[in-house]
Amino acid sequence: PYLSKLDLKGNLLESFVLDLPLLTWLDLSRNNLVAVPTNPSLEHLILDHNRLANLAELDTLDQLEFLSASDNAITDVQSLPESLTDLRVDGNRLTFLDYLCSPRRLRKLSVSRNYLESLQGLEKARCLLYIDASKNRIEYVREATEFLPEDVKDLDLRENPCTSLENYRPRVIF
């Protein structure tokens, strides 16, 4: 009952249901999960390399600050907790960002290796400082920069079609 950190990566788990009220850090990467665990005390959650298709019910994790759900099959993110500051959903099947930017405190967003053609939706994430949108399908720099919040310091667009455009670099340096 006093456990605060738990590493269960690589155990072929299909679900995770434990009543651990003090658990704040959980690594469930490299399992076979199809649903997100909903332990309300979690602050740090790693779900990489599972079989997740969406990130439903995450808004119930009101202490969650860090979430990594890379290399799944996620096509939809319905809602995220307001407490989230760092979100990593690389290597999924995302085509839009609307719900990803709902947390007002979100500072870091990594959406590399998805199917994004635009960064529309990011304008809602007012605290966002770092964005990794490399290896997507963004064809025009305008589709990336038009929707950026004012305070973004670092935007990574490597290996998008727009990087082959003339004058690419000067148009994305802030």
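Report on the accompanying structure.

**A word on the overall build of the protein**
When helices and strands are counted, the protein shows two helices and eight strands. Counting from the amino terminus, the protein carries its helices and strands in the arrangement β-β-β-β-β-β-β-α-β-α. Radius of gyration (C-alpha) of the protein: 17 Å, near the 16 Å computed for a compact globule of 174 residues. For the protein, with 174 residues in total, the buried portion stands at 47%. Surface exposure of the protein reaches about 9,200 Å², of which carbon and sulfur atoms provide 46%. Charge-centre separation for the protein: the mean point of 20 positive side chains lies 4 Å from the mean point of 28 negative side chains.

**Some points on empty space enclosed by the protein**
Going through the model one piece at a time under the given rule, you end up with one cavity of 30 Å³ or more. Estimates place the volume of the largest cavity at around 40 Å³. The wall of the largest cavity is formed by Thr-75, Asp-76, Val-77, Leu-94, Phe-96, Leu-97, Asp-98, Tyr-99 and Leu-100. In the lining of the largest cavity, the residues fall into six nonpolar, one polar and two charged.

**Let's talk about the sheet that holds strand β4 (residues 66-68)**
The strands that make up a sheet pair up through hydrogen bonds in the backbone, lying either parallel or antiparallel. Ordered in space as β1-β2-β3-β4-β5-β6-β7-β8, the eight strands form an open sheet in which the pairing is parallel. Sheet topology places β1 (5-7) and β8 (154-156) at the edges, where each strand pairs with a single neighbour. The sheet shows a mean angle of 0° between the axes of neighbouring strands, direction not considered. Of the pairings in the sheet, the one linking strand β3 (residues 44-46) to β4 comprises three bridges and is parallel in character. Bridge pairing in β4 places His-44 opposite Phe-66.

**Thoughts on the nonpolar core**
Core analysis: the biggest nonpolar cluster contains 46 residues, and Leu-45, Leu-47, Leu-55, Leu-67, Leu-87, Leu-100 and Leu-119 have the highest contact counts within it. In contact with Leu-87, not counting residues within four places along its chain, are Leu-67, Leu-80, Leu-100, Leu-106, Lys-108, Leu-109 and Ser-110.

**Describing the pattern of salt bridges**
Taken as a whole, this structure holds six salt bridges when the rule is applied. The partner of Asp-7 in a salt bridge is Lys-9, and the shortest N-O contact between them spans 3.1 Å. Judged by relative accessible area, which is 44%, Lys-9 ranks as partly exposed. Arg-88 serves as the salt-bridge partner of Asp-86, at 2.9 Å between the closest nitrogen and oxygen. The exposure class assigned to Arg-88 is partly exposed, which follows from its relative accessible area of 33%.

**Description of the layout of surface pockets**
The calculated volume of the largest pocket comes to roughly 250 Å³. If you trace the largest pocket, you find 16 residues lining it, with Phe-16, Ala-35, Val-36, Pro-37 and Thr-38 closest to the centre. When its residues are assigned to classes, the lining of the largest pocket shows 10 nonpolar, four polar and two charged.

What counts as what
Residues numbered from 1 in each chain as written. Predicted model: local features only at pLDDT ≥ 70, side-chain atom pairs only at ≥ 80, totals over all residues. Heavy atoms only, no water. Helix = DSSP H or I, 4+ residues; strand = E, 2+ residues; numbered from the N terminus. Rg over C-alpha atoms; globule rule 2.2 N^0.38 Å. Buried < 20%, exposed > 50% of the residue type's maximum accessible area, 1.4 Å probe, protein only. Areas by Shrake-Rupley, 256 points an atom, 1.4 Å probe, with all protein chains shown as cover. Lys, Arg positive; Asp, Glu negative; His and termini not counted. Charge placed at Lys NZ, Arg CZ, Asp CG, Glu CD. 1 Å grid on protein atoms, 1.4 Å probe; cavity = no way out; pocket = protein on both sides within 12 Å on 5 of 7 lines; lining within 4 Å. Points joined across faces, edges and corners; volume = space filled by probe spheres on them. Nonpolar A, V, L, I, M, F, W, Y, C, P; charged D, E, K, R; others polar. Pairing = 2+ DSSP bridges. Axes fitted to C-alpha atoms, helices over the stretch in contact; angles between N-to-C directions. Core = buried A, V, L, I, M, F, W, Y, C linked by side-chain atoms within 4.5 Å. Contact = heavy atoms within 4.5 Å. Salt bridge = Lys/Arg side-chain N within 4 Å of Asp/Glu carboxyl O.

Functional significance is not addressed by these values, which are geometric in nature.
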